[in-house]
Amino acid sequence: MKIDILSLFPEMFTAVLHESILKRAQEKGQVVFEVTNFRDFTTNKHNKVDDYPYGGGAGMVLTPQPLFDAVKAIKSKNETTPKVILMTPQGRPFTQAIAEELAQEEHIVLVCGHYEGFDERIVEYLADDEISIGDYVLTGGELAAMVVTDAVVRLLDDVIVSDSHENDSFSMGTLEHPHYTRPADYEGMKVPDVLLSGHHKNIEQWRREQALIRTAKRRPDLLVSMSLTDNERALVAEIISEK
Ligand code: SAM
């Protein structure tokens, strides 16, 4: 997969893309990152990327020319046709399902806004998609692009052990079950007996129940569209009524 990032602050990506799993994914050839400063594409004398909003008002707006030209340059030097995605609080709320959808793409371009955001012609004519990482406003799209990149790359084949993300929260529709590791007794705080039993079927059932219980307590909205057995439905109803 290729991930291009267009940003006015490319140095912000140095640590994130060159550590841990993202670093390993690049070394193994599963992903190629390219971070470009779209200020380099300005055609005006002062390399300005923004201008005052028509109609007045506070803040500056990103002008179309540098971003249109930066995307054109990316398209002309790659054989793939990338999906151009704007980072914006007005976009589709980012979810695990969207991360899975993007992990199927061969090439994406994540565009980081700044100031008041994008001239609307960028939204209408350049972007294929718009993504928000949550209902709050950041100063720029860089952190949002990092979040999307991290969530997508860990889903690529062989980047991490596949069942470690297949059981992750949201992948199964629920939050994930609790985890425990050694020691079995830490200052009187004990690991549930079932996990020490070696009985795989019972362990699986306990994990499923725990995942349902914590989802019912913390994120009941996730359960609305899930298909549950009669027993599971009864368990969820009990937890919800206790709440
Ligand atoms: N005036 C814009 C609005 O109200 O929709 C917000 C602009 S924000 C200060 C500057 C940039 O940060 C945006 O263009 C976008 O790229 C990025 N950004 C801010 N919040 C974001 C979020 N929740 N998700 C994704 N990107 C975000």
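Look up a bit, the structure's there.
Note that the structure is a prediction, hence the values are computed from the model and not measured.

S.K.: Go over the packing of helix H4 (residues 96-103) against helix H6 (residues 142-153), please, and point to the residues and values.
M.R.: Contact geometry of H4 with H6 gives a least axis separation of 8 Å together with a crossing angle of 70°. With respect to each other, H4 and H6 are oriented roughly perpendicular. In contact with Ala99, Leu102 and Ala103 of H4, H6 contributes Val148, Ala151 and Val152. Split into classes, the residues belonging to the contact of H4 with H6 amount to six nonpolar, no polar and no charged.

S.K.: Go over the sheet that holds strand E6 (residues 107-112), please, and point to the residues and values.
M.R.: With respect to topology, five strands assemble into an open sheet ordered E2-E1-E6-E5-E7, the strand pairing being parallel. Only two strands of the sheet have a single partner each, and these edge strands are strand E2 (32-37) and strand E7 (129-132). When strand polarity is set aside, the average angle formed by the axes of neighbouring strands in this sheet is 30°. Both strand E5 (residues 83-93) and E6 contribute to a ladder of five bridges, which runs parallel. Across the sheet, Lys83 pairs through a bridge with Ile108, a residue of E6. In this fold helix H3 (residues 64-77) packs onto strand E1 (2-7), E2, E5 and E6, with an angle of close to 160° to the strand it touches most, E1. In the packing of H6 onto the sheet, contacts are made with E1, E2, E5, E6 and E7, and the angle to E6 comes to roughly 155°.

S.K.: If you had to explain the pattern of salt bridges to someone new, which residues and values would you point to?
M.R.: All chains considered together, the criterion is met by eleven salt bridges. We note a salt bridge from Asp168 to Arg154, for which the minimum N-O separation is 2.8 Å. In this pair, Asp168 is assigned in the loop between helix H7 (162-166) and strand E8 (185-186) and Arg154 in the loop between H6 and H7, connecting sequence segments 14 residues apart. Residue Glu232 is joined to Arg208 by a salt bridge in which the shortest nitrogen-to-oxygen separation is 2.7 Å. Residue Glu232 is found in helix H10 (residues 230-242), and its partner Arg208 is found in helix H9 (residues 200-218); the two are separated by 24 residues along the sequence.

What counts and what doesn't
- Here, residues in each chain are numbered from 1, in the same order as that chain's written sequence.
- Since the coordinates come from a predicted model, pLDDT governs what is reported: local features require at least 70, and pairs of side-chain atoms require 80 or more to be given and counted, while whole-chain, interface and lining totals use all residues.
- Here the side-chain values reflect all heavy atoms present in the structure, with hydrogen atoms and water set aside.
- The angle between two axes is taken between their N-to-C directions and runs from 0 to 180 degrees, where each axis is a line fitted to C-alpha atoms and a helix contributes only its stretch in contact.
- Here a strand is any run of E in DSSP of at least two residues, a helix any run of H or I of at least four, and the numbering for each starts at the N terminus.
- Oblique is the label for any angle not under 35 degrees, not over 145, and not in the 65 to 115 range, which are roughly parallel, roughly antiparallel and roughly perpendicular in turn.
- Contacts are residue-level and defined by heavy atoms, with any inter-residue pair within 4.5 Å sufficient.
- Residues were grouped as follows: Ala, Val, Leu, Ile, Met, Phe, Trp, Tyr, Cys and Pro as nonpolar; Asp, Glu, Lys and Arg as charged; and all remaining residues, including Gly, as polar.
- Following DSSP output, two strands are said to pair if at least two bridges run between them.
- A pairing counts as a salt bridge when a side-chain nitrogen of Lys or Arg comes within 4 Å of a carboxyl oxygen of Asp or Glu.

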